[in-house]
Amino acid sequence: MEITFITSNAGKVREAANYLEPLGVRVVQRHVPYPEIQADTLEEVARYGVEWLSRRIDGNFFIEDSGLFINALSGFPGVYSAYVYRTVGLKGVLKLMEDSDDRRASFRSVIAYWDGEPHVFKGEVRGEITRELRGSGGFGFDPIFKPEGFSKTFAEMSVEEKNRVSHRGAALRLFCRWLKENLK
Ligand code: IMP
């Protein structure tokens, strides 16, 4: 069976395929821009997006919305992560954190799957913001995020290693468990 992943991010598709393909589910990437509303939580953004898309595309599909929440910045960039990544970038985030000894941060992920109604799966990973960029794998903020209990950043890990600990991996595990129980 095929499930469409509506995203422009090939890195997210690689991570999702790593989980779903062993279940016999082929992940097909489709890029359909959809509104990311200004809201306080990723869940609100994902729910709005999936409902909006359901009126425009046929079949089952999912989207995923994620963000980096930095303790010393009161959770910023959070729901604004994509904008901050595009504007100030990784170096800009390190600069904002320059004087902070509190490096704690977490990544959160919300998957919203549509099969006639929305189903939401969430994951989170705690970690810290490094003092410099490390590694060339992954995407986005991976070179500056080191998950708790590991010495490597996400960008220094393979897709499999990152999936085992990441926010998206945690949401994907819940999604997979649900699919196994609910796919006929
Ligand atoms: P969005 O979910 O595509 O809106 O992503 C929000 C922002 O967080 C984007 O700039 C992504 O590159 C970044 N991001 C999301 N997930 C990850 C991740 O697993 N690692 C690093 N950056 C991420």
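Up top is the structure these notes are about.
Structural notes, computed from the coordinates. Note that the coordinates shown come from a computational prediction; the quantities given were computed from them, not determined experimentally. (Residues numbered from 1 in each chain as written. Predicted model: local features only at pLDDT ≥ 70, side-chain atom pairs only at ≥ 80, totals over all residues. Heavy atoms only, no water.)

Notes on the environment of Ala-105
Next up, step 1: By secondary structure assignment, the location of Ala-105 is in strand β4 (residues 104-114).
Next up, step 2: Separated by 52 residues in the primary sequence, Ala-105 and Met-157 have C-alpha atoms spaced 18 Å apart.
Next up, step 3: If we ignore the near neighbours within four places in the chain, the residues touching Ala-105 are Leu-68, Phe-69, Ile-70, Asn-71, Val-125, Arg-126, Gly-127, Glu-128, Ile-129 and Phe-145. (Helix = DSSP H or I, 4+ residues; strand = E, 2+ residues; numbered from the N terminus. Contact = heavy atoms within 4.5 Å.)

A closer look at the nonpolar core
Next up, step 1: If you look at the biggest cluster of nonpolar residues, it comprises 19 residues, and the most contacted ones within it are Leu-20, Phe-62, Ile-111, Tyr-113, Phe-175 and Leu-179.
Next up, step 2: Of all elements in the fold, only β1 (2-6), α1 (10-20), β4 and α6 (167-182) reach the threshold of two or more residues within this core.
Next up, step 3: Examining the composition of this core, we find that six residues originate from one element, α6, more than from any other.
Next up, step 4: Excluding residues that lie within four positions of it along the chain, Ile-111 makes contacts with Phe-62, Ile-63, Glu-64, His-119, Val-120, Phe-121, Ala-171, Leu-172 and Phe-175.
Next up, step 5: One finds Val-84, Phe-107, Val-125 and Phe-141 within the second-largest nonpolar core, a separate group that totals 17 residues. (Core = buried A, V, L, I, M, F, W, Y, C linked by side-chain atoms within 4.5 Å. Buried < 20%, exposed > 50% of the residue type's maximum accessible area, 1.4 Å probe, protein only.)

Some words on the site of the ligand
Next up, step 1: For the ligand, the set of nearby residues contains 16 residues, the closest of which are Lys-12, Ser-66, Asp-142, Lys-162 and Arg-168.
Next up, step 2: Contact between the ligand and His-167: an oxygen atom at 3.2 Å from a side-chain N or O atom of the residue.
Next up, step 3: Alone, the ligand offers 480 Å² of accessible surface; in the complex the protein occludes 91% of this.
Next up, step 4: For the shell around the ligand, the secondary structure elements donating two or more residues are β3 (61-70), α3 (81-87) and α6.
Next up, step 5: Each residue belonging to the shell around the ligand can be placed in one class, and the counts come to five nonpolar, four polar and seven charged. (Near = heavy atom within 4 Å. Polar contact = N/O pair within 3.5 Å; in protein donor to acceptor, adjacent residues only side chain to side chain. Areas by Shrake-Rupley, 256 points an atom, 1.4 Å probe, with all protein chains shown as cover. Nonpolar A, V, L, I, M, F, W, Y, C, P; charged D, E, K, R; others polar.)

Notes on a nonpolar patch on the surface
Next up, step 1: Together, Phe-76, Tyr-80, Tyr-83 and Leu-96 make up an exposed nonpolar region whose accessible area comes to about 410 Å².
Next up, step 2: Position of Tyr-80 among the secondary structure elements: in the loop between β3 and α3.
Next up, step 3: For Tyr-80, a relative accessible area of 36% translates into the label partly exposed. (Patch = residues over 30% accessible without salt bridge, like charges linked within 9 Å, V, L, I, M, F, W, Y side chains within 5 Å. Salt bridge = Lys/Arg side-chain N within 4 Å of Asp/Glu carboxyl O.)

Some details on the pattern of salt bridges
Opposite charge on two side chains makes pairing possible when the charged atoms of those side chains draw close.
Next up, step 1: Under the definition given, this model contains 15 salt bridges.
Next up, step 2: The partner of Arg-168 in a salt bridge is Glu-15, with the nearest N and O atoms 2.6 Å apart. Of the two residues, Arg-168 is situated in helix α6 and Glu-15 in helix α1; the sequence distance between them amounts to 153 residues. For the pair shown, Arg-168 and Glu-15 are each scored as buried.
Next up, step 3: Notably, a salt bridge pairs Arg-108 with Glu-124, separated by 3.6 Å at the nearest N-O pair. Separated by 16 residues along the polypeptide, Arg-108 in strand β4 and Glu-124 in strand β5 (residues 118-129) bring together distant segments of the chain.
Next up, step 4: Arg-108 sits in the partly exposed class, given a relative accessible area of 33%.
Next up, step 5: On the basis of relative accessibility, which here comes to 39%, the residue Glu-124 falls in the partly exposed class.
Next up, step 6: Connected through shared salt-bridge partners, Lys-12, Glu-15, Glu-64, Asp-142, Lys-162 and Arg-168 make up one network.

Observations regarding unusual backbone geometry
Next up, step 1: In this structure, the amide linkage connecting Phe-76 to the following residue, Pro-77, adopts the cis form with an omega of 0 degrees.
Next up, step 2: Even without being glycine, Ser-74 reaches a positive phi, approximately 55 degrees.
Next up, step 3: Take Ser-74: it is sitting in the loop between β3 and α3.

Quick word on the side chain of Ser-109
Next up, step 1: Note that Ser-109 resides in strand β4.
Next up, step 2: Here Glu-64 takes part through its side chain, which lies 2.7 Å from a polar atom of the side chain of Ser-109.
Next up, step 3: Excluding residues that lie within four positions of it along the chain, Ser-109 makes contacts with Leu-42, Glu-64, Asp-65, Ser-66, Phe-121, Lys-122, Gly-123, His-167, Arg-168 and Ala-171.

Description of helix α2 (residues 42-54)
Next up, step 1: The first and last C-alpha atoms of α2 sit 18 Å apart over 13 residues, in line with the 18 Å expected at 1.5 Å per residue.
Next up, step 2: Its buried side turned inward, α2 meets β1, β3, β4 and β5. (Expected span 1.5 Å × (residues − 1).)

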